[in-house]
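Descriptive structure summary
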Amino acid sequence: MKRRRRQRVEEGGKRTIIEEPGRTIVQEKGARPVIRADETERMRRSARDVRSEKRRDGGNVTIAVRPGGIEVFSEFDSSGRLTRRYRRGRDGRETNFIDNRRFRRGAPVHIDLGPLTLRMPRERYIVNYERASDDDIYDALMAGPVERLPRGYSLDEIRYNTYLRDRMRRVDLDTVTFDFGAWRVHPDQYNRLERIARAIHRVIDRRPDEVFLIEGHTDAVGSEIDNLTLSDRRAEEVAIILTDNFGVPFENLVTQGYGEEFLKVPTLQAERANRRVAVRRITPLMARD
């Protein structure tokens, strides 16, 4: 993957852009790099028919057809940012998942939100997947924000602001880990995702428009850029397994990698427990028109 990267520097060295197949990494001077994946790649791997159409404003819309003729529309602006996602059934009724049209392109995504003050037992806030019951997992995914928020946020604000995501409980899928330097999940681990898939199905059976964030992580060995893309691909891989093997609609999922930023075990050595994914429901954080 590194051999296929292209790199350029902008604004007199203030910003470095690294492009690789399916992903773009942006490194602002003095800040941590962030990564954005091409959302259509996951759709192409899971849908029977995917097509893209150019729009007059320079953006495009991707239409993915699911079994039964259900169409999922994902609208992107000219920079590749996802601005809207909705589903249209055979009866013409639409279900809206993401609507970021009110947020202008290029708007700052970093927000002034302080750290969380946790007022519940930590084991309820971060659910240990291996020890939790099915109801524990479901309750964590159904719960609202642990602190009241002043407004609704864009998907990019949610992806790139730790303190905002921290307002939602999460499930650490610590029974699914990865080999060093790899993003594939071994097939013998697929069945370990069945319970989280079942919980997600319970939620969307009640509320079909719910959105879940799949977060990818690495250990601290290797470069920051390599770990960032590795973690992003791990999140995508788990999302694809949830869809292809357990029937979770791909439109209810978004993915994001965080590299080595959030180590579960604080060590600079190779540590399998740090090579993991986590899941949280983000619908209550999102602004929708």
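Everything that follows concerns the structure shown earlier in this document.
A brief look at the structure comes next. Here the structure is a predicted model, which is why all the values come from computation and not from measurement. (Residues numbered from 1 in each chain as written. Predicted model: local features only at pLDDT ≥ 70, side-chain atom pairs only at ≥ 80, totals over all residues. Heavy atoms only, no water.)

**A word on the overall build of the protein**
When its secondary structure is counted, the protein shows seven helices and 14 strands. Relative to its length of 289 residues, the protein is compact, with a C-alpha radius of gyration of 18 Å against a globular reference of 19 Å. Expressed as lengths along the three principal axes of its C-alpha atoms, the size of the protein is roughly 50 × 50 × 40 Å. The burial tally for the protein puts 49% of its 289 residues in the buried class. Counting contacts in the protein only where the partners sit at least 6 residues apart, residues at least 24 apart contribute 63% of the total. (Helix = DSSP H or I, 4+ residues; strand = E, 2+ residues; numbered from the N terminus. Rg over C-alpha atoms; globule rule 2.2 N^0.38 Å. Buried < 20%, exposed > 50% of the residue type's maximum accessible area, 1.4 Å probe, protein only. Contact = heavy atoms within 4.5 Å.)

**Remarks on the pattern of salt bridges**
Counting across every chain of the model gives 44 salt bridges. Residue Asp99 is joined to Arg101 by a salt bridge in which the shortest nitrogen-to-oxygen separation is 2.7 Å. Of the residues examined, Asp99 reaches a relative accessible area of 1% and is grouped as buried. Between Lys264 and Asp172 there is a salt bridge, with its nearest N and O atoms 3.0 Å apart. Here Lys264 is found in the loop between β13 (253-257) and β14 (277-281), whereas its partner Asp172 is found in strand β11 (residues 170-172), with 92 residues between them in sequence. Note on Asp172: relative accessible area 3%, which makes it buried. Connected through salt bridges with shared partners, the residues Arg6, Arg8, Glu10, Glu11, Arg15, Glu19 and Glu28 form a single ionic network. (Salt bridge = Lys/Arg side-chain N within 4 Å of Asp/Glu carboxyl O.)

**Remarks on helix α3 (residues 134-142)**
Of all the residues in α3, the buried ones are Ile137, Tyr138, Ala140, Leu141 and Met142. Here the buried face of α3 lies against β10 (126-128), β11, α6 (194-206), β12 (212-216) and β14.

**As for the packing of aromatic side chains**
Applying the stated rule across the entire model yields two aromatic pairs. Measuring from ring centre to ring centre gives 4.9 Å for Phe73 and Tyr86, while their planes differ by 5°; the resulting arrangement is stacked. Note that Phe73 is positioned in strand β7 (residues 70-76) and Tyr86 in strand β8 (residues 82-88), a separation of 13 residues in sequence. Tyr86 sits in the buried class, given a relative accessible area of 7%. Consider the rings of Tyr258 and Phe262, whose centres lie 5.9 Å apart with planes at 70°: the pair is edge-to-face. (Phe/Tyr/Trp six-rings, centres within 6.5 Å; stacked < 30°, edge-to-face > 60°.)

**Side note on the packing of helix α1 (residues 39-46) against helix α7 (residues 224-246)**
How two helices sit against one another is set out by the angle between their axes and by the gap between those axes. At a closest axis distance of 10 Å, the pairing of α1 and α7 adopts a crossing angle of 30°. Classified by the angle between their axes, α1 and α7 sit roughly parallel to one another. In this structure, the crossing between α1 and α7 has a hand that is right-handed. On α7, the residues touching Glu41, Arg42, Arg45 and Ser46 of α1 are Glu236, Glu237, Ala239, Ile240, Thr243 and Asp244. In terms of residue class, the contact of α1 with α7 is built from two nonpolar, two polar and six charged. (Axes fitted to C-alpha atoms, helices over the stretch in contact; angles between N-to-C directions. Parallel < 35°, antiparallel > 145°, perpendicular 65-115°, else oblique. Left-handed = near helix turned anticlockwise from the far one by under 90°. Nonpolar A, V, L, I, M, F, W, Y, C, P; charged D, E, K, R; others polar.)

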